[in-house]
Amino acid sequence: MNRLQVPASRVPLYLSILVALHVAIVIASNYLVQLPIRLFGFHSTWGAFSFPFIFLATDLTVRLIGKHSARSVIGRAMLPALLASYVVGVLFHDGGFNGLAALGEFNTFIFRIAFASFAAYVLGQLLDIQVFDRIRQKSRLWWLAPAASAVVGQWLDTAAFFSIAFWHSTDAFMAANWVEIAWVDYAIKLGVSLLLFVPAYGVLLAAITRWLKPVQPAAVAP
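My aim in this report is to walk through the structure given alongside it, one point at a time. (Residues numbered from 1 in each chain as written. Predicted model: local features only at pLDDT ≥ 70, side-chain atom pairs only at ≥ 80, totals over all residues. Heavy atoms only, no water.)

1. Some words on the nonpolar core
Grouped together as the largest cluster of nonpolar side chains are 35 residues, with contacts concentrated most on Val23, Val26, Phe51, Ile54, Tyr121 and Tyr201. Secondary structure elements with two or more residues in this core: α1 (11-32), α2 (52-65), α3 (67-91), α4 (108-138) and α6 (172-212). Formed by 19 residues, the second largest nonpolar core is a distinct cluster that contains Ile113, Ala114, Ala165 and Phe166. (Core = buried A, V, L, I, M, F, W, Y, C linked by side-chain atoms within 4.5 Å. Buried < 20%, exposed > 50% of the residue type's maximum accessible area, 1.4 Å probe, protein only. Helix = DSSP H or I, 4+ residues; strand = E, 2+ residues; numbered from the N terminus.)

2. Section: the packing of α1 against α2
It is the contact of α1 with α2, at a shortest axis distance of 10 Å, that shows an interaxial angle of 165°. Between α1 and α2, the angle is such that the two are roughly antiparallel. Handedness of the crossing formed by α1 with α2: left-handed. On α2, the residues touching Val11, Leu15, Leu18, Leu21, His22, Ile25 and Val26 of α1 are Phe53, Ile54, Ala57, Thr58, Thr61 and Ile65. A class-by-class count of the residues in the contact of α1 with α2 yields ten nonpolar, three polar and no charged. (Axes fitted to C-alpha atoms, helices over the stretch in contact; angles between N-to-C directions. Parallel < 35°, antiparallel > 145°, perpendicular 65-115°, else oblique. Left-handed = near helix turned anticlockwise from the far one by under 90°. Contact = heavy atoms within 4.5 Å. Nonpolar A, V, L, I, M, F, W, Y, C, P; charged D, E, K, R; others polar.)

3. Considering the packing of aromatic side chains
Two aromatic rings are characterised by how far apart their centres lie and by the angle between their planes. Summed over the entire model, instances satisfying the criterion amount to 14 aromatic pairs. For the pair phenylalanine 132 and tyrosine 201, a centre-to-centre distance of 5.9 Å together with 80° between the ring planes defines the contact as edge-to-face. With phenylalanine 132 in helix α4 and tyrosine 201 in helix α6, this residue pair connects regions lying 69 residues apart in the sequence. Classification of phenylalanine 132 as buried rests on a relative accessible area of 0%. Tyrosine 201 gets classed as buried once you look at its relative accessible area, which sits at 3%. On the basis of an interplanar angle of 85° and a centroid distance of 5.1 Å, the ring pair of phenylalanine 161 and phenylalanine 162 is categorised as edge-to-face. Look at phenylalanine 162 and you get buried, because its relative accessible area is 1%. Feature note: the residues Tyr86, Phe106, Phe111, Phe115 and Phe118 constitute an aromatic cluster, connected by ring pairs. (Phe/Tyr/Trp six-rings, centres within 6.5 Å; stacked < 30°, edge-to-face > 60°.)

Here is the structure:
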């Protein structure tokens, strides 16, 4: 399938919106990953339900304006996401507001989570873009590229985040359970992506395609 032609004048606006969306999702996920839950008897976090949104946005970006623009979004979003994730993580550590005074002391635990998110975001998104674009060019099945990129991209993202953030962590619970939580987190994110976001990708792509399709002028009666 060929890339859709988005009007060039609108590309900067779309990229700015996507950068803001990526940063917002990373911030939300970094906060939610601090909130553990038990799902079917396994340890996980609420962050598993928020991060798949970023893969949906990235796949649509590649499909509409190309992988180079998608990489540009990641390049522009990664440092603001790192800084904002640290600030939000410090202010709302353990789910409660700690006050602005908490920013006065450097928190190594939160910075480690923010840096892990930064590394996982960059690695996972770049792999997602590469796999999505390669499969999209070779397959006529609209769902194959987002499904395959979700499988590999979210695996790398999850493995990088949890290993960097919680291996030998000062948080005893996360240090003891991060491998289990990572696998459950990956299963949840993959399930959410395949069952909800891949169909959502198809619906949004069809709607955007109709919206971008040029209107043919009406024939003039002789």
